[in-house]
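# Examining the three-dimensional arrangement
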Amino acid sequence: MLLPSIRIRLLALALATSLCAGAACTSDAPSSASPPPAAAPDAPALPGAPARLQVDVAYHKLDNGLKVVLSRDTTAPIATVAVYYGIGFRNEPKDRTGFAHLFEHMMFQGSQNLGKMGFIRLVNAHGGVLNGSTRFDLTNYWETVPSNTVEIMLWAEADRMRGLDITEENLANQKDVVKNEVKGGILNTPYGGFPWLDMPQFANENWHNAHNFYGEFRDLDAATLEDVTAFFRTYYAPNNAVVAVVGEFDPAQTLAWVKEHLGDIPRSPQPERPDTAEPRQEEEKRASRTDALATRPALAVAYHAPPRNTPEYYAMGLLHQILLRGDDSRLHQALVRRRGLTGGVGGGINVGLGNMFNINGPALWTAYLIHDADKPADVILAAIDEEIERVRREPVDRATLELAVLKARSELYDLVDSEHGLGRADLLACFALFDDDPQRLNRIEGELARITPELLHATAREYLRPTNRTVLTVAPGAAEEPAAAEEPAAGSLPQGQTETKSPKRADR
């Protein structure tokens, strides 16, 4: 089941289907007193493994700080132009929740040479598709177009990076658009925000990771024209951005176009990145809420993942393959096939907002499901615990590990090839934005191949601890209606739903 994402649906043509996936400082994650052993750097590749993925990557940095990633692919005469900015939910102002997402909408309200809706009409006129999304660590914008229109798209992106049309009228209009999006996609939708929006608010302690990303209505209403202007000048600057071009194009000519159209946009001083570190969780957290629109109960469990780019992080990705990915996964076999407790179980790292590669700060590994009322949550949780404790108690054999690596490699290839070039652009842009190293994409398979059964077991023991877990249950049922004179509040929980038990959260 696909979860709803925080996005704006702008255009859908036959060229491609839309995507809202998931991406600015790396921080420490929970650590063990006895840390898992590191993977051997010289561990051999798996027996019989084919040649690894080699994506064409050319990486450049302009004098104004703009990062440029070019990846040529002549499979089809199309190209994707993507611009990623290093501003997301995590580093939006504390008194302006939802501001990063609000500004995603503002970027389509016109610029110096393109009036309101002009950007969309331009892409439409050239037979392309476009979209934008806000995630934990970034906001992105992209267009997939015929390859002979790459320069036009670069000019258009430069036009709004150089001078967005910020007016009171546009701001007021987009405040209403965002609030209506919240009402339609979250408040008035069964299981709205479950678990991608509500779970981080329960599982995390640090405000930057735990606040309502869609935004409180009072904060959206309080945003001023001065706020928006300052936000744009700070975060939508070339030295906080990556331009990625993927597809059929001439690399030298495209780089020249990037320099011509975006190279003279002035850089802007960047504020210090907030501390997004999460403390080590020492006790299990439990929370529940009521959903007036839900027809069946729901259950989600989440564990804090290891620090990004560590051997343990890749090991956690393989544990995901073993426990949750596909019909052969242990949780699917236990919950669906053997016991009939649910019709399906989903999840992953960075669930609902992307994947394990396009997030830069503390992340959660989450499993979630919807179940019948005659299947108690405690019974389902006990079945989940059996499989979790099994990987904590018993190291997997080499065959299980090899299958997990194979599945992870397959998923990686799917990501790279997805959405007519957008999947590749997303990964390259994220690795450039987060690590200054888009070539990292070509090293992922090597990281996976180095994971040993011993490291996998140690990672499971530390990060799948019961004390590192948050359990969230959703019960169907009526909730109190807000007073008629009051506008519904977009708080930590969707309207019409009530929190019956929640953990303490610091810095809230």
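Right, let's walk through the structure included here. If you're wondering where the values come from, they're calculated on a predicted model, not measured in any experiment. (Residues numbered from 1 in each chain as written. Predicted model: local features only at pLDDT ≥ 70, side-chain atom pairs only at ≥ 80, totals over all residues. Heavy atoms only, no water.)

### Some words on the overall build of the chain
Across its full length, the chain carries 16 helices and 13 strands. Relative to its 508 residues, the chain shows a buried fraction of 60%. Only carbon and sulfur atoms are counted for the fraction: they give 51% of the accessible area of the chain, which is about 19500 Å². (Helix = DSSP H or I, 4+ residues; strand = E, 2+ residues; numbered from the N terminus. Buried < 20%, exposed > 50% of the residue type's maximum accessible area, 1.4 Å probe, protein only. Areas by Shrake-Rupley, 256 points an atom, 1.4 Å probe, with all protein chains shown as cover.)

### Re the packing of aromatic side chains
Applying the stated criterion across every chain yields a total of 20 aromatic pairs. Taken together, a centroid distance of 4.3 Å and an interplanar angle of 35° make the contact between Tyr 85 and Tyr 236 tilted. Placement of the pair is Tyr 85 in strand S4 (residues 78-85) and Tyr 236 in the loop between helix H8 (225-235) and strand S7 (241-247), with a sequence separation of 151 residues. Each member of the pair, Tyr 85 as well as Tyr 236, carries the same accessibility label: buried. Chaining the aromatic ring pairs together yields one cluster made of Tyr 85, Phe 99, Phe 103, Phe 108, Phe 119, Tyr 141, Phe 231, Phe 232, Tyr 235 and Tyr 236. The ring of Phe 119 carries Arg 160 above its face, with NZ or CZ at 3.7 Å from the centroid. A cation over an aromatic ring shows up here: Lys 179 above the ring of Phe 217, its NZ or CZ 5.9 Å from the ring centre. (Phe/Tyr/Trp six-rings, centres within 6.5 Å; stacked < 30°, edge-to-face > 60°. Lys NZ or Arg CZ within 6 Å of the ring centre and 35° of its normal.)

### Topic: the pairing of strand S5 (residues 129-134)
Buried residues dominate S5, accounting for six of its six residues. Inspection of the sheet shows S5 paired to strand S6 (residues 139-146) by six bridges, in the antiparallel sense. Considered in S6, the bridge of Asn 131 is made with Trp 142. Count of turn residues in the S5/S6 antiparallel hairpin: four residues. (Pairing = 2+ DSSP bridges.)

### Here we look at the pattern of salt bridges
Within the structure shown, the criterion is met by 33 salt bridges. Salt-bridge contacts for Glu 387 lead to Arg 390; the nearest nitrogen and oxygen are separated by 3.2 Å. One end of the pair, Glu 387, and the other, Arg 390, are both in helix H12 (residues 377-393), three residues apart, so they sit about a helical turn from each other. Among the residues examined, Glu 387 registers a relative accessible area of 5% and is labelled buried. Two residues, Glu 389 and Arg 392, come together in a salt bridge whose shortest N-O distance is 3.2 Å. Remark: Arg 392 and Glu 389 occur in helix H12; sequence separation between them is three residues, near one turn of the helix. In the salt-bridge network here, residues are joined through shared partners; they are Arg 280, Glu 282, Glu 462 and Arg 465. (Salt bridge = Lys/Arg side-chain N within 4 Å of Asp/Glu carboxyl O.)

### Points about the packing of helix H10 (residues 311-323) against helix H13 (residues 398-417)
The geometry of a pair of packed helices is captured by two quantities: the angle between their axes and the separation between those axes. Interaxial distance between H10 and H13 falls to 9 Å at its minimum, and their mutual angle equals 100°. With respect to H13, the element H10 is oriented roughly perpendicular. Across the interface between the two elements, Leu 318, Gln 321 and Ile 322 of H10 pack against Thr 400, Leu 401, Ala 404, Val 405, Lys 407, Ala 408 and Glu 411 of H13. Looking at the contact of H10 with H13, its residues break down into six nonpolar, two polar and two charged. (Axes fitted to C-alpha atoms, helices over the stretch in contact; angles between N-to-C directions. Parallel < 35°, antiparallel > 145°, perpendicular 65-115°, else oblique. Contact = heavy atoms within 4.5 Å. Nonpolar A, V, L, I, M, F, W, Y, C, P; charged D, E, K, R; others polar.)

### Concerning empty space enclosed by the protein
Put simply, the largest cavity is a space of about 130 Å³. What lines the largest cavity is a set of 15 residues, and nearest its centre among them are Phe 136, Pro 200, Asn 350, Val 351 and Leu 364. The set of elements that each furnish at least two residues to the lining of the largest cavity consists of helix H5 (199-203) and strand S11 (364-370). Of the residues that constitute the lining of the largest cavity, the class distribution is eleven nonpolar, three polar and one charged. (1 Å grid on protein atoms, 1.4 Å probe; cavity = no way out; pocket = protein on both sides within 12 Å on 5 of 7 lines; lining within 4 Å. Points joined across faces, edges and corners; volume = space filled by probe spheres on them.)

### A short note on the environment of Leu 299
Tracing the backbone through its elements, the reader meets Leu 299 in strand S9 (residues 298-304). Note on Leu 299: relative accessible area 2%, which makes it buried. Sequence separation between Leu 299 and Leu 381 is 82 residues; the distance between their C-alpha atoms is 8.4 Å. Dropping the residues within four chain positions of it, Leu 299 is found in contact with Phe 194, Ala 367, Tyr 368, Leu 369, His 371, Ala 377, Ile 380, Leu 381, Ile 384, Val 471, Leu 472 and Thr 473.

### What about the environment of Gln 270?
Mapped onto the secondary structure, Gln 270 falls in the loop between helix H9 (251-262) and strand S8 (285-291). The exposure class assigned to Gln 270 is partly exposed, which follows from its relative accessible area of 29%. It is 9.8 Å that separates the C-alpha atoms of Gln 270 and Arg 233, two residues lying 37 residues apart in sequence. Here the side chain of Gln 270 touches Ser 268 through a polar contact of 3.2 Å, landing on its backbone oxygen. (Polar contact = N/O pair within 3.5 Å; in protein donor to acceptor, adjacent residues only side chain to side chain.)

Honestly, that's just the spatial picture; any functional story needs more than this.
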